[in-house]
Amino acid sequence: VQLQASGGGLVQAGGSLRLSCAASGRTFSRYAMGWFRQAPGKEREFVAAIDWSGGVTHYGDSVKGRFAISRDNAKSTMYLQMNSLKLEDTAVYYCAAPMSAVIPSNREEYDYWGQGTQVTVSS
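Summary of the structure given here. This structure is a prediction, so every number in the text was calculated from the model and none was measured.

**Describing the packing of aromatic side chains**
Counted under the stated rule, the structure contains four aromatic pairs. An angle of 80° between the planes, with centres 4.9 Å apart, marks the rings of Phe36 and Tyr110 as edge-to-face. Taken together, the residues Phe36 in strand β4 (residues 33-38) and Tyr110 in strand β10 (residues 110-113) connect sequence positions 74 residues apart. Take Tyr110: its relative accessible area is 5%, and that puts it in the buried class. Consider the rings of Phe36 and Trp113, whose centres lie 4.9 Å apart with planes at 55°: the pair is tilted.

Okay, structure coming up:
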């Protein structure tokens, strides 16, 4: 399974970005997907996850109401729409995929990881 994250960049606080994660190597529509992020000196943090159908989503507390996760199974691609960005959203964002159709309960259940895309929010 290969995951390719893209869409990161430099944005001012209050702005928006949309990340994409293109997946290949297995039937995308059968599995849940997730986004994580890691800021310098900090542990990797859960951001959002989506089940195989797109009907169930989970969000980390710090992004609820500002970020939206979605997927297009026909394109084998997952998205993260990030609005009202804050300085503390600055991090490398990773997409990840488990071996399950439902959203995993912890980070250790994600088996595949993309290379990450840098998001920098400036004041």
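Picking up after the structure, the text goes on.
**Observations regarding the state of the cysteines**
Scanning all chains against the criterion turns up one disulfide. The disulfide partner of Cys21 is Cys95, and the gap between their sulfur atoms is 2.2 Å. With the S-S dihedral at roughly 70°, the linkage between Cys21 and Cys95 falls on the right-handed side. Of this pair, Cys21 sits in strand β3 (residues 17-24) while Cys95 sits in strand β9 (residues 91-98), and the two are 74 residues apart along the sequence. Judged on exposure class, the residue Cys21 and its partner Cys95 are both buried.

**Points about the pairing of β4**
Among the six residues of β4, five are classified as buried, and the element is accordingly described as predominantly covered. Here β4 runs beside strand β5 (residues 45-50); their pairing, made up of five bridges, is antiparallel. Paired with Phe36 across the strands is Phe46, a residue of β5. As consecutive antiparallel partners, β4 and β5 are separated by six residues, and within that stretch Gly41 has a phi angle of approximately 80°, a positive value.

**A look at the pairing of β9**
Summarising burial for β9: seven of the eight residues are buried, a large majority. In terms of strand pairing, β4 meets β9 through five bridges, oriented antiparallel. From the neighbouring strand, Phe36 faces β9, where its bridge partner is Tyr94. Pairing analysis gives three bridges linking β9 to strand β11 (residues 117-122), with the strands arranged antiparallel. Bridged to Val92 within β11 is Gln118. Where β9 and β10 come together, three bridges link them in antiparallel fashion.

**Regarding the side chain of Thr77**
In this fold, Thr77 is placed in strand β8 (residues 77-82). When its relative accessible area of 10% is taken as the criterion, Thr77 is described as buried. A distance of 2.8 Å separates the side chain of Thr77 from the backbone oxygen of Lys75, its partner in a polar contact. With residues near it in sequence (within four places) discarded, Thr77 still touches Ser20, Cys21, Ala22, Phe28, Arg71 and Asp72.

Parameters at a glance
Residues numbered from 1 in each chain as written. Predicted model: local features only at pLDDT ≥ 70, side-chain atom pairs only at ≥ 80, totals over all residues. Heavy atoms only, no water. Phe/Tyr/Trp six-rings, centres within 6.5 Å; stacked < 30°, edge-to-face > 60°. Helix = DSSP H or I, 4+ residues; strand = E, 2+ residues; numbered from the N terminus. Buried < 20%, exposed > 50% of the residue type's maximum accessible area, 1.4 Å probe, protein only. Disulfide = S-S within 2.5 Å. Pairing = 2+ DSSP bridges. Polar contact = N/O pair within 3.5 Å; in protein donor to acceptor, adjacent residues only side chain to side chain. Contact = heavy atoms within 4.5 Å.

Any functional reading would require information beyond the geometric quantities listed.
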